[in-house]
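Structure at a glance
Each chain, letter by letter, is given below.
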Amino acid sequence: MDRIDAMRAFVSVVAEGSFSRAAELLQLSPQLVSKYVSQLEDKLNVRLLNRTTRRVNLTEAGMQYFQHAQQILASVDEMDQQLGGLHQNPKGTLRISAPVSFSIKHLAPLLAKFQQEYPLIDLDLQLNDRKVDVVDEGFDVVLRIGELKNSSLVAKYVAPVRVILCASPDYLKQHGIPMCPEDLKHHRYLHYSYMEMDDREVIFPWLRSKNVEKSGLFQSNNGDVLVEAAIAGAGIALQPTFIAGEAIRKGQLVPILLDFEPKVMGLYALYAHRKLLASKVRCFVDFLDGYFGASPYWDEFVGVGSTQPN
């Protein structure tokens, strides 16, 4: 027995004064309505209605139960209406975790347009390059870059992320242009602390610190710092084009060894549940879909293949 359905049947019988009219109102058979009320009485172990062939009368217990049941059903109906309203007009606070550099350079316009379309949704954006826990840290959506390992989270692909080697024209003029991955061992590498080096990529073995012949290592957990260092001539950086693309467009950096570019990664939106997903989350995930396109604007001046400086 569904307690709410039985309660609604009982209240309808009392309000309509008969099982047949209650059945018509609820679009159920009179036999099912009668069964609901009988099961409710059995569950409560008390008689709620005195039945005659012509009418039904409330017992004293039935009167008390009727008053409380009306309040409960009104509360349930109000809750359903409110949740339905959230689906039609999404609102509430959407907590997002996203990478630092990507957010600063590319996320603000997206979020501004999203709030223009969904003005009732409040945004709480937290920037962090570490891997946060969606559930334990209370985030609705986490934007993450890289290959995703097996996870119970739902992952929505957002945009491609290219990672390329680049250096300033002055650095390359002074130290020479690497023509093959082995040449990297003669250059200074500006290391990103969170970079996972997959040995299946031919350039990574030559970027490891043990293979770098020069002393004075430079590493950071922020890609913007490394790109600025590369612009200043400190060495070669391996960074996403969404960070380095603007410097390449201005001629401050030059892509190198594009023929050995690592496999394209992805930007993903991660969230906890696919079923009964909150409307604010569903709207945001749908808004992200296709926003940056198959070839994002930050790749426009990067080039493909054997691009080398003049």
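One can find the structure itself at the top, above this paragraph.
The rules we used
Residues numbered from 1 in each chain as written. Predicted model: local features only at pLDDT ≥ 70, side-chain atom pairs only at ≥ 80, totals over all residues. Heavy atoms only, no water. Helix = DSSP H or I, 4+ residues; strand = E, 2+ residues; numbered from the N terminus. Expected span 1.5 Å × (residues − 1). Bend = angle between axes of the 7 residues up to and from the residue. Buried < 20%, exposed > 50% of the residue type's maximum accessible area, 1.4 Å probe, protein only. Pairing = 2+ DSSP bridges. Right-handed = clockwise from strand over helix to strand, strands pointing away. Phe/Tyr/Trp six-rings, centres within 6.5 Å; stacked < 30°, edge-to-face > 60°. Lys NZ or Arg CZ within 6 Å of the ring centre and 35° of its normal. Axes fitted to C-alpha atoms, helices over the stretch in contact; angles between N-to-C directions. Parallel < 35°, antiparallel > 145°, perpendicular 65-115°, else oblique. Contact = heavy atoms within 4.5 Å. Nonpolar A, V, L, I, M, F, W, Y, C, P; charged D, E, K, R; others polar.

Once that is clear, we can look at helix α5 (residues 100–117). Between the first and last C-alpha of α5 there are 24 Å, a value that for 18 residues agrees with the 26 Å anticipated at 1.5 Å per step. In the structure, α5 departs most strongly from a straight axis at Leu-107, where the bend amounts to approximately 60° and where the proline Pro-109 lies between one and four residues downstream. Of the residues making up α5, those classed as buried are Ser-101, Phe-102, Ser-103, His-106, Leu-107, Leu-110, Leu-111 and Phe-114.

This part covers the pairing of strand β3 (residues 92–98). One ladder, built from 7 bridges, connects β3 with strand β4 (residues 121–127); its direction is parallel. The residue of β4 that forms the bridge with Gly-92 is Ile-121. Viewed along the sheet, the connection from β3 through α5 into β4 turns out right-handed. By the bridge criterion, 2 bridges tie β3 to strand β5 (residues 141–145) in an arrangement that is parallel. Within β5, the position partnered with Ile-96 by the bridge is Val-141.

Of note, the phi angle at Gln-27 is positive, near 60°, even though the residue is not glycine. Among the structural elements, Gln-27 can be located in the loop between α2 (19–26) and α3 (30–44). The phi dihedral of Leu-257 is positive, around 50°, even though this residue is not glycine. Locating Leu-257 in the fold gives a position in the loop between β11 (254–256) and β12 (265–271).

Moving on, we get to the packing of aromatic side chains. If you walk through the whole model with that rule in mind, you get 14 aromatic pairs. Aromatic side chains Phe-10 and Phe-66 sit 6.4 Å apart centroid to centroid with 75° between the ring planes, which places their arrangement in the edge-to-face category. Of this pair, Phe-10 sits in helix α1 (residues 3–16) while Phe-66 sits in helix α4 (residues 60–88), and the two are 56 residues apart along the sequence. Cluster of aromatic residues (ring-pair linked, three or more members): Phe-102, Phe-114, Tyr-118, Phe-242, Phe-284, Phe-287, Tyr-291, Phe-292, Tyr-297 and Trp-298. Lying across the ring of Phe-139, Arg-95 places its NZ or CZ 4.5 Å from the centre.

Before going further, it helps to examine the packing of α2 against α3. For any two helices packed against each other, the geometry is given by the interaxial angle and the distance between the axes. Close contact between α2 and α3 brings their axes to 8 Å; oriented N to C, the two are set at 105°. In terms of their interaxial angle, α2 and α3 are classed as roughly perpendicular. On the side of α2, the interface is formed by Phe-19, Ser-20, Ala-22 and Ala-23, while α3 contributes Pro-30, Val-33, Ser-34 and Val-37. Residue composition of the contact of α2 with α3, by class: 6 nonpolar, 2 polar and no charged.

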